[in-house]
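# Understanding the architecture of this molecule
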Amino acid sequence: MTDGDEQPPGRTTDGDEHRPAVDAVDAVDKASAADAVAANVSANAGADDTRAETARAADAGADSAEVDAAVDTIAPAPAPDAASLPHLVAVPAPYPVPMAHVGEPTRAVRKRRRWPLWTALGLALGLVAGAVPGVLLRGPAQDAAGRSAAKSDPGTAAQRRLGERMLALLDRQATALVGADRAGFLAIAEPAARPALSRRYAALRALRVTVWRPAADGVPEAADGQPGQWRQTITVGYCFVAPDCAPSTVELDARWRLVGEEPRLTALEPSGTDPAGVRPWQANDLAVTVGKRVVVATTTAQRSKLPGLLAQAEAAARVADRYAVGDARPDRYLVYYAGKTEWRRWYGGGRPKWTAGYAVGVGGGRHDVVLNAQTVTPDGVDDLLRHELTHAASLPDRGYADRADWWLVEGLAEYAGADGQPVHRYEGLTEVRDLLRGGWSGRLEAVAPEADASDSRVGGAYGVGYLAVRHLVDRYGEQRMLDFYRAVVHERRSPAQAADEVLGDPWSMLHDECVAYVRAVVG
C-alpha cells in the first residue's frame with residue numbers, strides 16, 4: 001500500500017530514527033559538494049529539454065503502434081436481494097493523491113499523493129503483517145498442488161469430512177469459472193444465491209481470470225442459531241490474463257446449507273477479515289479493456305472512457321516498466337476507474353476528499369491502481385498513471401517498512417511521473433520553496449507529511465523527494481539509483497549502508513548534496 005499507501009513492514013523504526021552523524025572529513029566534503037551542485041543546476045537545463053523531447057517523441061510513436069485492446073461490457077445482472085450484497089470493510093487508504101485547491105488563481109497546485117500516516121494500530125498491523133500503508137498483504141504458503149495452504153484447525157472428524165466436501169465443490173466451481181462454464185459455476189449454489197454469483201462470474205470472466213484456487217482456512221463452523229447452516233472462510237489465489245502469474249489472494253466467506261449430506265452454497269461474500277477490503281469485481285458489474293501491458297476496468301456507466309484510459313495507461317506502463325525492481329516487471333498492471341459510489345466502496349473506501357488515486361497491494365507481488373473519476377482531470381491523468389504504476393512496478397510485495405524512506409519511495413514515483421521533463425518545469429517547485437522557508441528540518445528522513453498537512457506542505461514534500469532522486473540519477477545514472485532503492489526499500493538496509501555498498505560514497509555527504517541540490521533548484 002503505497003502511493004502508494006502504507007506503513008510497510010520490516011524495520012520497526014518510527015520515522016524519527018537517528019541517522020549517522022557527519023564526521024569531520026564528511027563536513028569538509030559537504031561544503032564543496034553543495035557549491036558544485038548549485039553551479040551545475042542551470043547547466044543541466046538545456047540537456048533536460050533535449051532528453052524530454054526525445055523521450056516524448058519516442059512515446060508518441062509507440063502510443064499509436066501498441067494500443068491493442070478488446071472491450072468487454074457486462075450487462076447488469078438481476079438485482080440481488082439485500083442479503084446477497086457484499087459486506088463492505090473499512091480499512092485505511094493506500095497512497096492517496098490530494099486534489100488541487102479550487103479557486104486559487106495565483107498558482108496551480110498539482111494533484112499530489114498524500115500518504116496518510118495512519119493510527120498506531122494501523123502502523124502496528126503493517127509492521128506485523130507486512131502491509132503497505134494500512135493494507136495487510138498476504139503471501140500465503142502453498143501446498144504441493146500449488147494452492148494456498150490452509151490454517152491449521154483440526155476440528156472434529158465430522159467437520160473435516162464436511163470441509164473436504166465443501167472444498168471439492170469449490171474446486172469444481174473454480175474449474176467451471178476458468179473454463180467459461182457459467183452453468184457449472186452456478187450449479188453448486190442455491191437458487192437464491194445465483195443472481196449475485198452470476199454477477200461475480202461475469203466480472204471475473206471480463207477480467208480474463210486464468211487461475212482461481214480456493215483453499216479452506218480451517219474447518220467449517222456451524223452458524224449460531226441456524227440449524228443446518230455452516231460458515232467457512234476460504235482464501236482464493238487468482239490471476240487475470242496471465243496463466244502463470246504468482247497469484248494474488250482474496251479472503252471470502254462461504255455460507256452453506258446442508259441438504260441431507262450435501263452442502264449447497266448460499267452465499268460467497270467478501271470476508272470481514274480481508275484487510276484490502278472489497279475488490280471491484282466483488283461489488284460491481286464491470287466494463288473491461290485489455291491491452292498489452294494494462295487491464296483497465298470501470299463500471300458500465302463509465303465504459304466510454306475506456307479506450308482513452310487504456311491508451312494513456314499503456315504509455316504510462318512503458319515508463320513504469322523501466323523502474324521495475326525485482327526479478328521481473330509486473331505481468332499486467334490493473335487499473336480501476338471509480339465513479340462516485342464505487343470510490344466509497346472499493347477497497348474499503350474512506351479516502352480523504354482530496355484523494356485522486358492510489359495503489360493497493362493485493363498479494364503475489366501485485367498492486368492494483370484505483371483512479372477517482374470525480375477528481376482526475378484530462379491534463380493530470382498521465383503523470384498520475386506514471387506515478388502509480390511505478391509504485392506497482394517498484395514496491396516490494398509487502399510494502400516498505402520505514403517511514404524515513406518515504407522520500408525515496410515517493411521520489412522515485414515522482415521522477416517517473418515527470419517522465420524526463422526538465423527540472424525547472426516540475427510543477428511543485430513553488431511548494432518546495434515554501435517548505436524550505438519553514439516547516440522542514442532539512443533532513444530527508446523527516447520530510448514525509450503528516451496526515452493533516454496542508455496541500456502546500458504535501459506538495460513540497462513530494463517535490464523534495466523528486467529533486468533528491470533526480471540528483472541521485474544525475475550523479476550516478478538511473479540503474480545505480482535503482483540499485484540503491486532496492487538496497488534500502490527491498491533489502492531494508494540503511495541509507496548509510498546502501499550508499500557505501502552500492503554508490504561507493506558516504507551517505508552523510510550524499511544526503512547533504514541532495515538537500516543542497518533542492519535548495520539550488522528553487523533558489
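Residues numbered from 1 in each chain as written. Predicted model: local features only at pLDDT ≥ 70, side-chain atom pairs only at ≥ 80, totals over all residues. Heavy atoms only, no water.

### Remarks on the overall build of the chain
Helices and strands together make up the secondary structure of the chain, namely 15 helices and eleven strands. Counting the 523 residues in the chain, one finds 57% classified as buried. Residue pairs at least 24 apart in sequence account for 73% of intrachain contacts in the chain once pairs closer than 6 positions are excluded. Approximately 20300 Å² of the chain is accessible, and the part contributed by carbon and sulfur atoms is 53%. (Helix = DSSP H or I, 4+ residues; strand = E, 2+ residues; numbered from the N terminus. Buried < 20%, exposed > 50% of the residue type's maximum accessible area, 1.4 Å probe, protein only. Contact = heavy atoms within 4.5 Å. Areas by Shrake-Rupley, 256 points an atom, 1.4 Å probe, with all protein chains shown as cover.)

### Description of unusual backbone geometry
Trans peptide bonds make up most of the peptide bonds, and negative phi angles are found at most residues other than glycine. Of note in this structure, Ala180 is not a glycine but carries a positive phi near 60 degrees. With respect to the secondary-structure elements, Ala180 resides in the loop between helix H3 (157–178) and helix H4 (182–186). Although it is not a glycine, Tyr347 sits at a positive phi angle of roughly 50 degrees. Along the chain, Tyr347 falls in the loop between helix H8 (340–345) and strand S10 (357–363).

### Considerations on the nonpolar core
Within the largest apolar cluster, 54 residues are counted, with the highest numbers of intra-cluster contacts made by Trp407, Leu444, Leu467 and Phe484. For this core, the element with the most residues is helix H12 (residues 455–476), which contributes eleven residues. In this structure Leu444 touches Ala404, Trp407, Val464, Ala468, Trp507, His511, Cys514 and Val515, once residues within four positions along its chain are discounted. Counting 50 residues, the second-largest nonpolar core is a separate cluster that includes Phe185, Phe240, Val250 and Ala297. (Core = buried A, V, L, I, M, F, W, Y, C linked by side-chain atoms within 4.5 Å.)

### With respect to helix H5 (residues 194–206)
Across its 13 residues, H5 extends 18 Å between first and last C-alpha, which sits within 8% of the 18 Å expected from 1.5 Å per residue. Within H5 the residues assigned to the buried category are Ala196, Leu197, Ser198, Arg199, Arg200, Tyr201, Ala203, Leu204 and Ala206. Backbone geometry just after H5 places Arg208 at a positive phi near 60 degrees. (Expected span 1.5 Å × (residues − 1).)

### Concerning the pairing of strand S5 (residues 248–259)
Of the strand pairs in this sheet, strand S4 (residues 229–240) and S5 are connected by ten bridges, and their pairing is antiparallel. Of the residues in S5, the one forming a bridge with Gln232 is Ala254. Judged from the eight bridges that link them, S5 and strand S6 (residues 262–270) form a sheet pairing that is antiparallel. Bridge pairing links Trp256 to Leu265 in S6. Here S5 folds back onto S6, and the loop between the two strands holds two residues, one of which, Gly260, carries a positive phi near 70 degrees. (Pairing = 2+ DSSP bridges.)

### Here's the deal with H12
Structural remark: α-helix, 3.6 residues per turn; residues separated by three or four positions point the same way. Under the 1.5 Å per step criterion, the end-to-end length of H12 is 32 Å for 22 residues, consistent within 8% with the ideal 32 Å. In terms of residue burial, H12 counts as a mostly covered element, since 19 of its 22 residues are buried.

### Thoughts on the pattern of salt bridges
Proximity of charged atoms lets side chains of opposite charge pair with each other. All told, the structure shown has 18 salt bridges when counted by the stated rule. In this structure, the salt-bridge partner of Glu269 is Arg255, at a minimum N-O distance of 3.3 Å. Of this pair, Glu269 sits in strand S6 while Arg255 sits in strand S5; the two residues are 14 residues apart in sequence, bridging distant segments of the chain. Two residues, Glu513 and Arg475, come together in a salt bridge whose shortest N-O distance is 2.8 Å. Residue Glu513 is located in helix H15 (residues 507–522), and its partner Arg475 is located in helix H12; the two are separated by 38 residues in the primary sequence. Sharing partners across several salt bridges, the network here consists of Glu190, Arg257 and Arg264. (Salt bridge = Lys/Arg side-chain N within 4 Å of Asp/Glu carboxyl O.)

### Structural notes on the packing of aromatic side chains
What the rule picks out here adds up to 14 aromatic pairs. Between Tyr336 and Tyr347, the aromatic rings sit 6.3 Å apart at their centres with planes inclined by 55 degrees, giving tilted as the arrangement. You can see Tyr336 sitting in strand S9 (residues 333–338) and its partner Tyr347 sitting in the loop between H8 and S10, a full eleven residues away along the chain. You can call Tyr336 buried: its relative accessible area is 0%. By relative accessible area, which is 1% here, Tyr347 ends up buried. Aromatic rings pair up to connect Tyr336, Trp343, Trp346, Tyr347 and Tyr358 into one cluster. (Phe/Tyr/Trp six-rings, centres within 6.5 Å; stacked < 30°, edge-to-face > 60°.)

### Quick look at the confidence of the model for the chain
Averaged over all residues, the pLDDT of the chain is 77; the fraction at 70 or higher stands at 70%. Low confidence marks residues 5–47, where pLDDT is under 50. Its contacts with residues over four positions away, or in another chain, come to 100 contacts. (pLDDT = per-residue confidence, 0-100.)

### Focus on the packing of helix H11 (residues 429–436) against H15
Taken N-terminus to C-terminus, the directions of H11 and H15 make an angle of 115 degrees; their axes are 9 Å apart at the nearest point. As for the relative orientation of H11 and H15, their crossing is left-handed in sense. Contacts between H11 and H15 involve Leu429, Val432, Arg433 and Leu436 from the first element and Val518, Arg519, Val521 and Val522 from the second. Taken together, the residues of the contact of H11 with H15 break down into six nonpolar, no polar and two charged. (Axes fitted to C-alpha atoms, helices over the stretch in contact; angles between N-to-C directions. Left-handed = near helix turned anticlockwise from the far one by under 90°. Nonpolar A, V, L, I, M, F, W, Y, C, P; charged D, E, K, R; others polar.)

### Focus on the environment of Leu436
Relative to the elements of secondary structure, Leu436 occurs in helix H11. Note: C-alpha distance between Leu436 and Ala461 (25 residues apart in sequence) is 9.9 Å. Setting aside anything within four residues of it in sequence, one finds Leu436 in contact with Val518, Arg519 and Val522.

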